[in-house]
Structure formats: structure tokens, C-alpha cells
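Fold and contact review
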Amino acid sequence: MVEEYLNFIGGKWGKSKSNKTFENRNPADTSDLVGTFQLSSQDDVDAAVTAAQAAYPGWRDTPAPERADYMYSVANKLRERKEEIAKLMTREMGKVLAETRGDVQEGIDTADFAAGEGRHMHGQTVPSELRSKACYVIHQPMGVWGLITPWNFPVAIPTWKTFPAITTGNTIVIKPATYTPACTAKLMEILDEAGIPKGVINYVTGTGGVVGERLINHPDVKGISFTGSSEVGKRIAEVTGKTLKRCSLELGGKNGQIVMNDANLELALDGALWGAFGTTGQRCTATSRIIVQEGVHDEFLAELVNRAKQIKIGNGLDESVQMGPLVSEAQLKTVESYVQIGIDEGAALVVGGHRLTGGDFDKGFFHEPTIFDQVTPNMRIAQEEIFGPVLSVITVKDLKEAIEVLNGTVYGLSSSIYTQDVNAAMRAIERIEAGITYVNGPTIGAECHLPFGGVKETGNGHREGGWTAYEIFTEMKTVYIDYSGKLQRAQIDNK
Ligand code: NAD
């Protein structure tokens, strides 16, 4: 029996008013139907926003530590169901079990962090320039938030948004990506079982064009938190800009790993392989460019190619598999088209480059780990986000050129440098234009209690993750209390 998943609105699971559903299949084996989901209409979004609005005053007035207390229970329930949800995630979007367990773990960590953060929610208290006057800042909730998520971190990203949004006193309507609605449904189940009051969390599945568009245009939605492509992010910025609605955008990347002549090459190889081919290259922080200093290029490339050939590819439910499929036929076609673009541009294809076929590979969307050498910085494969297992190797003379190349794209999410020279590392930290820089570590591997996000076309300056997420979902209020008993004019009476 295939499960039909429902929307969750006002504390009740129910069908869409459209009476339509869509299917979600396992990208490693398309004969495996994960479930059917509501193909929701604008009316469903409106009902969810109404429910979220109705729940808002009661939730806003609940003390923050009490709101955060629910997060202990959410973390524990996620812990208990970690294995079940990880397996569902692997079936739903293909990444291997070790990674889907990590994805759920990130949700657990985010819940633990939120549980404590509800007792912080610091504002600042500062002295006044006047006598008998107090000044401080508080963070207040805003109302209904629309959360729109991508498919590559089906539990972690919804938790990054949902937990700080509700811990700070907002109510939410979440729309997951159409490839991964089942994992988000499980998260809603857990939040509901933890006792979160009805209407605080609402979940509506369907397309970006219908559900997403209604959410971003809805006049009663006070803020949008979006993670996804830069293309859709720009559309969201345009729509929300018309009414100056708060919007937090976490978008694409074209991350580079610099390998200097003095690098520990073993470490740099481990980092490059994990960064480029983990999650089949479908991470916003994936390493898609290796920027290698000429002195170690040949040695580094030879071993990189050798190890890429040994990666075991297959269905991620098999514990021995290291790299799963692409999420969809469309994503596989995108990868194939970029391989052709690389060849046409004159880059040297040194390993991979093909869709995998035959046997179980025919059931899904598998592609070889692929490496291009002799890539020049302006080639499209060095500039555009591919979102697949394709790595471009660019050779440079020195650190200055390495940093120039690394910075030479429209994106600025993650970055990395492998060197034993502390001075070179410090210069790189100063000059690299990115939201995240790793020294002697790969471009992937963010931890949930630190700010996460990027510069340039990777976002609009917000940082989801860590304590900064708690600022995104709140309005700041500056409070002045004058207990002098007289009119005191700032800048006038005290000068
Ligand atoms: P996507 O932009 O295609 O879709 C993201 C979400 O937006 C989905 O839920 C989709 O249905 C919705 N959507 C699409 N059109 C919409 C519209 N007009 N209005 C409102 N919502 C709409 O991205 P994707 O393919 O799901 O994910 C891959 C992308 O996400 C990559 O570019 C990747 O770099 C990026 N990403 C970024 C981060 C980050 O934190 N910076 C993290 C993960 C993924």
C-alpha cells in the first residue's frame, strides 16, 4: 500500500481542496513509489495562513522559555526516529544512509540549540547619555512566516527555519520541495506529537508556481525564509520587495578549494573527494572547483582521478555505497549537458563524464564522478552551479591568483584552503569573498550553531543557523525609559 500524505493545517491532516495529488519516486529505483502528496491550490495556502494567524496571538504571548521547552521533546522524538527518517530520506532523494543520518542529526542539534536559545533571545542593555534613563533592545515575533525549502537537506533545512521561527514566537506555513515532502511531513508529525499548539505549524505541499507564489504574495505573511536556487531567490526578492516584506535568502554556490604547494596532499584529497562527490555534488556548499598551485597539480590530479574511479555508486540504502543517484531525470540531464559544455569549451575530461547504465543503474538517475582538468576561470563549467558530481580543476601560479580565481564568480557561499603556511591561510581568510572559509577542511561540513550563508548572489545578507537565525525571525525594538520626571532632550539638554 502506498501512503497518501496529507497537508497539515490548523492541527489537522487533510486533503487539498484541489483533490489532486502528485507522486514521489525513489531516484535510485523509480519502481519504488515513496508516496502520493497533495497538489495544493492557493485556497489551501490561504487556509494555512488563516490558521497560522489565528494561532499567533496565543503563541506570541507564551513565554519564550515555555515555547522552547517543546524543542526538548522534538529533539528526543527525532533521536528515536533517526533511523526510520534517514531511510525514508534516502528513498526520497537518494543520498546515502551515512549522509541522511547526518541530515537528521543536524535537525536534532538544531532542536537542542533552539531549546536553549529560548532562554537567551538576548537584547542589549546599554547606558543612556542622559541621567535617570534606561535603554535596551528586545526582539519581538512578527506573525506568520512562509518557509520554502529545497530538496537536498530534507530535514536539516526545514528545521533551521522552523525551530528558530517558532521559538521566537512566530507561526509558520512551510512548503517543502516537491521531491522531498515526506521527510517534512515526518517533521510535522513530530512537532505535533510534541504538543505544539494547533495552527502554530502548517504544512502545504505542491509546486513553487502555485503554493510558493501564493505564500510569497500573501498579504498576511510577514516574512519569507527561502533556501534554493539564485534564480528563484531573485524572483522572491522581487515580489517581497514590492511590499518590503522581510525575506531571507540562502541561494546557490560555486565553491572553490585552494590547494597550495605546501598542502598536506592526503588531507586535501580527502577533502576534495568528500566536498565534490558527497551528496552526489548536490550541496549548496559542494566543492565544484579545485584551484591548485602548479607545483602539485600533476601529483594531486593523478591521485584525485585514481580515487574518484574507486567511489562505489548505487542505491544509498546499501551501506557500502558511497555515492547515490541524482535527485531526478532533469538533474541528470543538467549534469550531462554541462559535461558536453565542458568538452565543447576545451576542458580536458580526465575521468567520468557519463550516465551509468546497465543492471540496477537503469532503474535510476546515476552519473559517474566527473573531473575536468585544464579548466580556465571563465569557462561556464567554472562559473555556473551544476549541482552534480562534476569537478573543475584550475591551475594557478600563486596564492594571489588562487584567491582571484576563487572570487571570480557571482557566488560566495563556501570556500577552503589547504596549506601549512599560517600566513597564507590568514591572507586567504581576509581576502576570500565568501560567507564561510575552511582552513585544511573541505567546503562542506557546517555546524548548526554557527551562522550559515553567503555573499554576492548567494543571498541577501542574512545568516540562517546559529544565533543569527533568531534575529532574522524577529523585529528589534529599542526601548527608552525615562524615570527623571522631566523632559530630557537628547543631544540638547546634556551638551
Ligand atoms: P529551487 O530554487 O528550484 O526550489 C526551492 C524551493 O522553491 C522549492 O520548494 C520550490 O518548489 C520553490 N519554488 C520554485 N519556484 C518558486 C516560486 N516562483 N515562488 C516560490 N517558491 C518557488 O531549488 P532546488 O532545486 O530545490 O534546490 C537546489 C538549489 O538550492 C541550489 O541552487 C542550491 O545551491 C540551493 N541551496 C542553497 C542552500 C543555502 O543554504 N545557500 C542550501 C541548499 C540548497
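Conventions used here
Residues numbered from 1 in each chain as written. Predicted model: local features only at pLDDT ≥ 70, side-chain atom pairs only at ≥ 80, totals over all residues. Heavy atoms only, no water. Pairing = 2+ DSSP bridges. Helix = DSSP H or I, 4+ residues; strand = E, 2+ residues; numbered from the N terminus. Axes fitted to C-alpha atoms, helices over the stretch in contact; angles between N-to-C directions. Expected span 1.5 Å × (residues − 1). Buried < 20%, exposed > 50% of the residue type's maximum accessible area, 1.4 Å probe, protein only. Domains from an automatic or database assignment. Contact = heavy atoms within 4.5 Å. Buried area = accessible area lost by both parts, 1.4 Å probe. Salt bridge = Lys/Arg side-chain N within 4 Å of Asp/Glu carboxyl O. Polar contact = N/O pair within 3.5 Å; in protein donor to acceptor, adjacent residues only side chain to side chain. Nonpolar A, V, L, I, M, F, W, Y, C, P; charged D, E, K, R; others polar. Patch = residues over 30% accessible without salt bridge, like charges linked within 9 Å, V, L, I, M, F, W, Y side chains within 5 Å. Areas by Shrake-Rupley, 256 points an atom, 1.4 Å probe, with all protein chains shown as cover. Parallel < 35°, antiparallel > 145°, perpendicular 65-115°, else oblique. Left-handed = near helix turned anticlockwise from the far one by under 90°. Right-handed = clockwise from strand over helix to strand, strands pointing away.

Taken in spatial order, the three strands make up an open sheet running β5-β6-β19, and their pairing is antiparallel. If you trace the sheet from one side to the other, it starts and ends with β5 (125-127) and β19 (474-482), each paired once. Taken over all neighbouring pairs, the strand axes of this sheet differ in orientation by 20° on average, direction set aside. As paired elements, strand β6 (residues 133-141) and β19 share nine bridges and run antiparallel to each other.

This part is about helix α5 (residues 156-167). Taking 1.5 Å of rise per residue, twelve residues should cover 16 Å, and α5 covers 16 Å from first to last C-alpha, within 8% of that figure. All of the buried residues along α5 are Ala156, Ile157, Pro158, Thr159, Trp160, Lys161, Thr162, Phe163, Pro164, Ala165, Ile166 and Thr167.

Once that is clear, we can look at the domain arrangement of the protein chain. One can read the domain layout of the protein chain as domain 1 (7-251 + 459-478) and domain 2 (255-439). In this assembly, 22 residues from domain 1 lie in contact with 28 residues from domain 2. Both faces combined, the contact of domain 1 with domain 2 buries some 2,000 Å², and carbon together with sulfur accounts for 61% of it. Area buried by domain 1 at its contact with domain 2 is led by Ala28, Glu99 and Trp151, which between them contribute 25% of it. For the pair domain 1 and domain 2, the number of links is two salt bridges. A salt bridge links Arg101 to Glu319; the nearest nitrogen and oxygen atoms lie 2.8 Å apart. If you look at where domain 1 meets domain 2, you find seven residue pairs in polar contact (both at pLDDT 80 or more). Every element with two or more residues in the side of domain 1 that touches domain 2 is listed here: β4 (29-38), α3 (82-93) and α4 (97-117). Here the side of domain 1 that touches domain 2 is composed, by residue class, of nine nonpolar, six polar and seven charged.

In this section: a nonpolar patch on the surface. Together, Tyr136, Ile138, Ile481 and Tyr483 make up a nonpolar patch on the protein surface, roughly 370 Å² of accessible area in all. Along the polypeptide, Tyr136 turns up in strand β6. Note on Tyr136: relative accessible area 31%, which makes it partly exposed.

This part takes up the packing of helix α9 (residues 265-277) against helix α10 (residues 297-309). Orientation of α9 relative to α10, taken along the N-to-C sense of each, is 50°, at an axis distance of 10 Å. With respect to their mutual orientation, α9 and α10 come out oblique. Between α9 and α10 lies a crossing of right-handed hand. For the pair α9 and α10, contact is made by Leu265, Glu266, Ala268, Leu269, Asp270, Ala272, Leu273 and Phe277 and by Glu299, Phe300, Glu303, Leu304, Arg307 and Ala308, respectively. Here the contact of α9 with α10 is composed, by residue class, of nine nonpolar, no polar and five charged.

This part is about the pairing of strand β10 (residues 221-227). Where burial is concerned, most of β10 is hidden: six out of the seven residues are buried. Taken together, the five bridges between β10 and strand β11 (residues 246-250) define a ladder with parallel strand orientation. Bridge pairing links Phe226 to Leu249 in β11. You can see the chain leave β10, run along helix α8 (residues 230-242) and come back into β11, and the turn it takes is right-handed.

Attention now goes to the pattern of salt bridges. As enumerated under the stated definition, the model contains 33 salt bridges in all. Between Glu475 and Arg246 there is a salt bridge, with the nearest N and O atoms lying 3.0 Å from each other. With Glu475 in strand β19 and Arg246 in strand β11, this pair connects stretches of sequence that are 229 residues apart. With its nearest N and O atoms 3.1 Å apart, the salt bridge here joins Lys400 to Glu404. With Lys400 and Glu404 both in helix α13 (residues 399-407) and four residues apart, the pair spans about one turn of that helix. Several salt bridges converge on common partners, so that one network encompasses Arg81, Glu84, Lys186, Glu189 and Glu193.

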